[in-house]
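Each chain, letter by letter, is given below.
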Amino acid sequence: MTVHADLAMVNLDSSDPVAHAAFYSRVLGWEVTHSQAEYAMISKDGVSIGFGLVPGYTPPAWPDETAGKRYHLDLYVDDVTVAEKEFVVAGATRPEFQPGGERWTVLLDPIGQPFCLCPRPQG
């Protein structure tokens with residue numbers, strides 16, 4: 001196969017697109033490029049993450065052994081402990097179940113969607 005695609009954006013279901021976009025804007029340092037109750041978007045360097053309103057949206061349980069795996073974002077940070085503290089202040093929570101050991105830390109964003117903090121590779 002010689003055809004390939006370039007990632008333009010990722011769209012995430014949300015119960016509150018404006019707050020969801022504001023949270024990830026703060027966490028990633030990306031610009032909020034669209035913000036309405038039904039849909040919000042953040043962007044940087046030609047790539048975007050969109051947050052679309054889904055009435056009745058329920059975030060996945062963490063951990064959920066009975067449901068299929070849903071998406072989650074892995075984010076590189078220089079210092080996981082410092083980033084965790086800052087992101088909790090921004091609205092994230094830290095669930096009790098932490099399967100990553102030293103490799104990653106799971107947090108839940110303000111609507112309950114898991115994401116992981118990973119130490120930035122050195123070198």
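Reading the values: rules and limits
Residues numbered from 1 in each chain as written. Predicted model: local features only at pLDDT ≥ 70, side-chain atom pairs only at ≥ 80, totals over all residues. Heavy atoms only, no water. Helix = DSSP H or I, 4+ residues; strand = E, 2+ residues; numbered from the N terminus. Contact = heavy atoms within 4.5 Å. Pairing = 2+ DSSP bridges. Axes fitted to C-alpha atoms, helices over the stretch in contact; angles between N-to-C directions. Disulfide = S-S within 2.5 Å. Phe/Tyr/Trp six-rings, centres within 6.5 Å; stacked < 30°, edge-to-face > 60°. Buried < 20%, exposed > 50% of the residue type's maximum accessible area, 1.4 Å probe, protein only.

Under the annotation held in an unreviewed UniProt entry, the protein carries the name VOC family protein and is attributed to Micromonospora solifontis.

> Quick question: what am I supposed to make of the environment of Ser15 here?
Note that Ser15 resides in the loop between strand E1 (9-14) and helix H1 (17-28). Taking the C-alpha atoms as reference, Ser15 lies 15 Å from Ala92; in sequence the two are 77 residues apart. Non-local contacts of Ser15, meaning those with residues more than four positions away in its chain, are made with Leu53, Tyr57 and Ile111.

> Looking at this structure, I do not really get the sheet that holds E1. What am I missing?
Sheet strands pair via backbone hydrogen bonds, and the direction of the pair is either parallel or antiparallel. Ordered by their spatial adjacency, 4 strands build an open sheet running E1-E4-E3-E2, and the pairing between neighbours is mixed. Since the sheet does not close on itself, it has two edges, and those belong to E1 and strand E2 (31-35), each with one partner. Recorded for the sheet is a direction-independent mean angle of 20 degrees between the axes of neighbouring strands. Looking at chain direction, E2 and strand E3 (residues 39-44) are connected through 4 bridges and run antiparallel.

> Would you mind showing me how to read the state of the cysteines here?
Between two cysteines, a covalent bond joining their sulfur atoms is known as a disulfide. By the definition in use, this model includes 0 disulfides. No disulfide involves Cys116; its sulfur sits 5.8 Å from the nearest other cysteine sulfur, which is in Cys118.

> How should I be thinking about the sheet that holds strand E5 (residues 73-77) in this particular structure?
Sheet architecture is open: 3 strands sit in the order E5-E7-E6, paired in mixed fashion. Every other strand in the sheet has two partners, leaving E5 and strand E6 (105-108) as the edge strands with one partner each. Across the sheet, the axes of successive neighbouring strands diverge by a mean angle of 30 degrees, strand direction being ignored. Direction of pairing for E6 relative to strand E7 (residues 114-119): antiparallel, over a ladder of 4 bridges. By the bridge assignment for E7, Leu108 is matched with Pro114. On top of the sheet, helix H2 (residues 80-89) reaches E5, E6 and E7; it is set at about 150 degrees to E7, its chief contact.

> In this structure, what is going on with the packing of aromatic side chains? I would like to understand it.
Each aromatic ring pair is described using two quantities: the centre-to-centre distance and the angle formed by the ring planes. Taken as a whole and judged by the stated rule, the model has 5 aromatic pairs. Arranged with centres 5.7 Å apart and planes meeting at 70 degrees, the rings of Tyr24 and Phe115 form a pair that is edge-to-face. Here the residue Tyr24 occupies a position in helix H1, and Phe115 occupies one in strand E7, the gap between them amounting to 91 residues. Each of the two residues, Tyr24 as well as Phe115, counts as buried. When the ring of Trp62 is compared with that of Phe97, the centres are 5.7 Å apart and the planes differ by 50 degrees; the resulting orientation is tilted. Taken together, the residues Trp62 in the loop between strand E4 (47-53) and E5 and Phe97 in the loop between H2 and E6 connect sequence positions 35 residues apart. Here Phe97 falls in the partly exposed class, since its relative accessible area comes to 38%. Members of the aromatic cluster, joined through ring pairs, are Phe23, Tyr24, Phe51 and Phe115.

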